[in-house]
Every structure is written in C-alpha cells, then in structure tokens.
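These are the residues of each chain, in order.
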Amino acid sequence: MSAPLYIKIKDQDNVAIAVNEIKAGTEVMEGIVAAQDIPQAHKIALEDIPKGGAIIRYGVVLGYAIDDIKKGSWINEHMLELPMPPDVDNMEYGTNIVTDLPEPPVKTWEGYRNPWGGPAGTRNILGISTTVQCVTGVLNVAVEKMKKELLPKYPNVDDIVPVNHPYGCGVAINAPEAKVPIRILRNLAKHPNFGGQLMVVSLGCEKLTVDMLIDEADISPENVIVLQEEKGFDAMIDALMEMADKKLKILNERKRETLPLSDLLVGMQCGGSDAFSGVTANPSAGYAADMLVKGGATVMFSEVTEVRDGVYLLAHRCVSEEVEKKLAAEMKWYDNYLLNGQVDRSANPTPGNKKGGLANIVEKAMGSIAKSGTSPIVEVLSPGEKPTKHGLIYAATPASDIVCGPCQLASGIGLQVFMTGRGTPYGLAIAPVIKVCSRNDMKEQWPDLIDVNAGPIATGDATIPEIGTQLFQEIIDVASGRKQSFAEKYKLHNDLCIFNPAPIT
Ligand code: CA
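Residues numbered from 1 in each chain as written. Predicted model: local features only at pLDDT ≥ 70, side-chain atom pairs only at ≥ 80, totals over all residues.

**Description of the environment of alanine 3**
Then, number 1: By the secondary structure assignment, alanine 3 is in the segment before β1 (6–7).
Then, number 2: Residue classification places alanine 3 among the exposed residues on the basis of 10 C-beta atoms within 10 Å.
Then, number 3: When the C-alpha atoms of alanine 3 and alanine 24 are compared, they prove to be 18 Å apart, with 21 residues separating the residues in sequence.
Then, number 4: With residues near it in sequence (within four places) discarded, alanine 3 still touches Val19, Thr459 and Gly460. (Helix = DSSP H or I, 4+ residues; strand = E, 2+ residues; numbered from the N terminus. Buried ≥ 20, exposed ≤ 12 C-beta atoms within 10 Å, placed from the backbone. Contact = placed C-beta atoms within 7 Å.)

What follows is the structure in structure tokens.
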C-alpha cells in the first residue's frame, strides 16, 4: 500500500491536508489535480468553493472564502475570513457523555503520597518559594551552592528548584484580578512534588507579603527567611543553606509507593502546532487521556483561545449545568480580557502555525481540543485553581506555553504531556514534560528532544490507539520515575511566567 497523499477528516469536509508536499499537476484523488504546489500540512480544495462559501475541515466551518477558490487549489491563511465566535450563553450540556472509554493496560503507578492527600508527587523536590523577584539573584547563588554541597548527601531527593517569578512588587496587589497570580503562587508553594516542605524567601518590603503566600500557621523562622533581616550577603547564604539542609533531610525520607491512578494528575498542552497536530499528536494524547480517566486518574487540558471556537463541543461533554456555566464564564472572562487589549482570539496563531498549514484559530482550536479525548468534563477551573474531582477537567489558562505551564503546575499536575508540530524545547522544572510530535520529519529533526512520535499515524503506519497506548505507557513510566523524558534528562525548563491579568504599577 502506498502512503496516502492527503488526509480528509469528515465526509462533509471540502478540504484535505497534504501528508507531504504535493507537486502541481499531481492527481490527488480522482478528478482532483493540484493546481499549484501544496506545502506539507497545507489545505487543498476538494471542490470549487465560491466567494463567501464555507471552507470545511473537521466537519466545521473554518471560515468563508474571500474569493472564488477552484478545485485543486492551495488554500492558505489569506484566503478565508474568520467566522463569528460561538455564542456561550445558550450552550447545551450533557448531550455527549461518553462512558465507553479504552481500558488502560495498568491501573497503578509509583508515586510519592502526600500527608494531606490530593494528587501524589511524581518527583521529590525541594521547592523554594519566593515572594518577589528581588530575591532571585541571591537565591540562585545559594541554590547553586546547595546543589553542589547538599544535594549529593540526600540521594532520594531529585532536585532543588527555586520558584523564581516576575510577580510580588510593583503590582496592584489589591486589584480584583490580582487574585490570579496570588492563587498561582500560593498553590505552587504546596505543589505535590514538594512534599509539604515549605521554604519561603522574602525580601522584607514587597507587596506580596509572606502571609499572602502561605497560611498563617506555616509562618515561622523554620520556613521563612527575610533577606533584609540578615546581616549581609554571607549571612543570607548561610541561612538559606541551613534551612535547605533541614528540609532536604526530611524530604530524603520520602519513598515511592504503588498507588492507584486516582492519585495521578496529568496536564495536557500543545505548542508550535501544525495542521497535523489535530490528526496525529493531539488525538493520540486524547486516547491516552481517555485511558487515564478510565483508570481513575485526573487529566486537565487548558488554553482558552484554543478551545473558544469549539467550546460548544466541550459544553456537550459537561456533566452538569454548573460545570457548563463555569465553562461559559471562563470563556466570557477571556473574551473581555482580550477585548480590553483591543484584540480577539484571532491574535493567537503564530507565523509558525500558519507555515504549518493552520489557516486560523478555528482550525487550530479543532485540532487542540482533540487532546482532551472523549471523556465527560467533570469540573472547570479558573487559572491555577486546584481540582476537587477526578476525571477530565478543563482548567482555563492562556494558551501561551510558558504561562499555561505554571497555571497547570499550580493546579497540581505531576506531569505534563506536550504536543508539538513545529517543535519547541519547552520544559518545566517542577514536573517532567513528555513531548509528542505530530510529524515524522519533526522526530527526524529532533530525535533527542521528542519523546513520542505520532507521525506514523499520518503515513498510515500506526493507528491513534497504538500511539495513544504507547503514550499512556510513557506517562506511567515517567510519572513513576522509571524513565526520564528528554526535557528532564537535559534539565530543559522555561521561566515561570505567572499569569497576571491585573495592572503593574
Ligand atoms: Ca500552548
């Protein structure tokens, strides 16, 4: 069997995407000849589309033709007009509740249970929280020394991570939306991988005071160092080293144990997407997500601007009116947030997305949603909130990779699965990231950065369940510490860009 030239998703689609570059004059299917070269992953018109006519992929209207489009033509991002975003006020809920989910091959994993319950840790890390960016320089020097002099004494501890961030001062701390960055930082301080060992570094005069970051009961000289109270640099480093040593000693006693999947919380994200993302990498992630949910685990997906155009599809999967209403509220909040910046969701796609064949945000969203699989949505969270339920969760966050990551970490993910089409070396310091690529070319380009290749689905050499099951196994192995993802192995991680929708002063 020769590899297919194109991928058409739904019967009603009037476009298909090119598996590889299609040369002008190639007969793509009976009666359809490429009118010009069609770049890999880009769309070809399967019929004549008149000016104003709908361009349909995934069975949904991606947009309307700006001019007549002849059958066999390349359709690029300049040729279609964006439709109106779907209304969120009158969405149906509970009309698509799928319970027939794929059975996972295993139902346990090895993790670090925490005394307060909730999702278990996938790593054993000393996390050092900060109230403000001002302490970063001193803390980084201390952490380097800790890693050299202390960490080798405690072989059961994986890492020491300073939770450095740009928030904390010079901000409108009482603005209503300041609750978002504060909630994120509070929840990060108690990330499941930190084992409840609080260590907070404060400057002393900042707006985000220690009592805003941790509970009153936790504020003590055992947990908090205030740099302005130390006599000079050496004393600061000594104090940090002494506290870290005590915390590391306790963390070193943590042990992995066999746990049910209900103690595992996994996040899904995509970045640098292309037109294959929605047919290979994201559906594979969706299949793995369904297996996790079936096994009792909790899976969250996010990225508001990348679900906005398919939000009604998510509403149909919400288990109750309450969940659907929260979903609608999060969408409206984000619509307003964008409106205040005088943009809309069309500001999302990047030049790389477009080069990868994604014409607009509708097409990107349809592919993006595929990562959520088919499970019912049991809860919707505001950015950085912690889940209270098991199952599939929609956690509203920006789609920006480096902002979504910290939001999901604050929600408690022990691992993130990251799908990419164009490629990014993205990583997180607090939890491992598994990268899944959408094309064989991407895996060949970055063999030592991409953990799972979903490309063979496009060429007909693998199925979504096969790659999905492989990814599920990878998730279990990495979460259990039996395996490191490439990003973890090379210690690749981005800065913690905390979502701050409130003003900076
Ligand atoms: Ca993203």
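There's more to say after this.
**Section: helix α5 (residues 281–294)**
Counting along an α-helix, one turn takes 3.6 residues, and residues three or four places apart therefore face a common direction.
Then, number 1: Its 14 residues place the ends of α5 20 Å apart at the C-alpha level, agreeing with the 20 Å of an ideal helix rising 1.5 Å per residue.
Then, number 2: The element α5 is extensively covered by neighbouring structure, given that 13 of its 14 residues are classed as buried.
Then, number 3: Once α5 finishes, glycine 296 follows within two positions and takes phi at roughly 105°, a positive value. (Expected span 1.5 Å × (residues − 1).)

**Examining the environment of isoleucine 219**
Then, number 1: Locating isoleucine 219 in the fold gives a position in the loop between α3 (210–213) and β14 (224–226).
Then, number 2: A count of 16 C-beta atoms within 10 Å places isoleucine 219 in the partly exposed class.
Then, number 3: A sequence separation of 224 residues divides isoleucine 219 from lysine 443, and the C-alpha atoms of the two residues are 48 Å apart.
Then, number 4: In contact with isoleucine 219, not counting residues within four places along its chain, are Val210, Asp211, Ile214 and Val224.

**Thoughts on the pairing of strand β2 (residues 15–18)**
Then, number 1: Pairing analysis gives two bridges linking β1 to β2, with the strands arranged antiparallel. Looking at the pairing, tyrosine 6 lines up with alanine 18 of β2.
Then, number 2: When β2 meets strand β5 (residues 43–45), the two strands line up antiparallel, connected through three bridges. Within the sheet, the bridge partner assigned to alanine 16 lies in β5 and is isoleucine 44. (Pairing = 2+ DSSP bridges.)

**Quick look at the packing of helix α1 (residues 136–149) against helix α4 (residues 233–251)**
Helices that pack against each other are described as a pair by the angle of their axes relative to one another and the distance between those axes.
Then, number 1: Running from N to C, α1 and α4 point in directions that differ by 50°, and their axes come no closer than 10 Å. Here α1 is positioned oblique relative to α4, judged by the angle of their axes. Along this stretch, α1 crosses α4, giving a crossing that reads as right-handed. Judged by residue contacts, Val138, Val141, Ala142, Lys145 and Met146 of α1 engage Met236, Ile237, Leu240, Met241 and Ala244 from α4.
Then, number 2: Looking at the contact of α1 with α4 residue by residue, the classes come out as nine nonpolar, no polar and one charged. (Axes fitted to C-alpha atoms, helices over the stretch in contact; angles between N-to-C directions. Parallel < 35°, antiparallel > 145°, perpendicular 65-115°, else oblique. Left-handed = near helix turned anticlockwise from the far one by under 90°. Nonpolar A, V, L, I, M, F, W, Y, C, P; charged D, E, K, R; others polar.)

**Some points on the sheet that holds β5**
Then, number 1: With antiparallel pairing, the four strands of this open sheet are ordered in space as β1-β2-β5-β8. The open sheet terminates on both sides in strands that have one partner only, identified here as β1 and β8 (74–75).
Then, number 2: In this sheet, β8 lies alongside β5 in antiparallel orientation, the contact comprising two bridges. Looking across to β8, one finds that isoleucine 44 is bridged to tryptophan 74.

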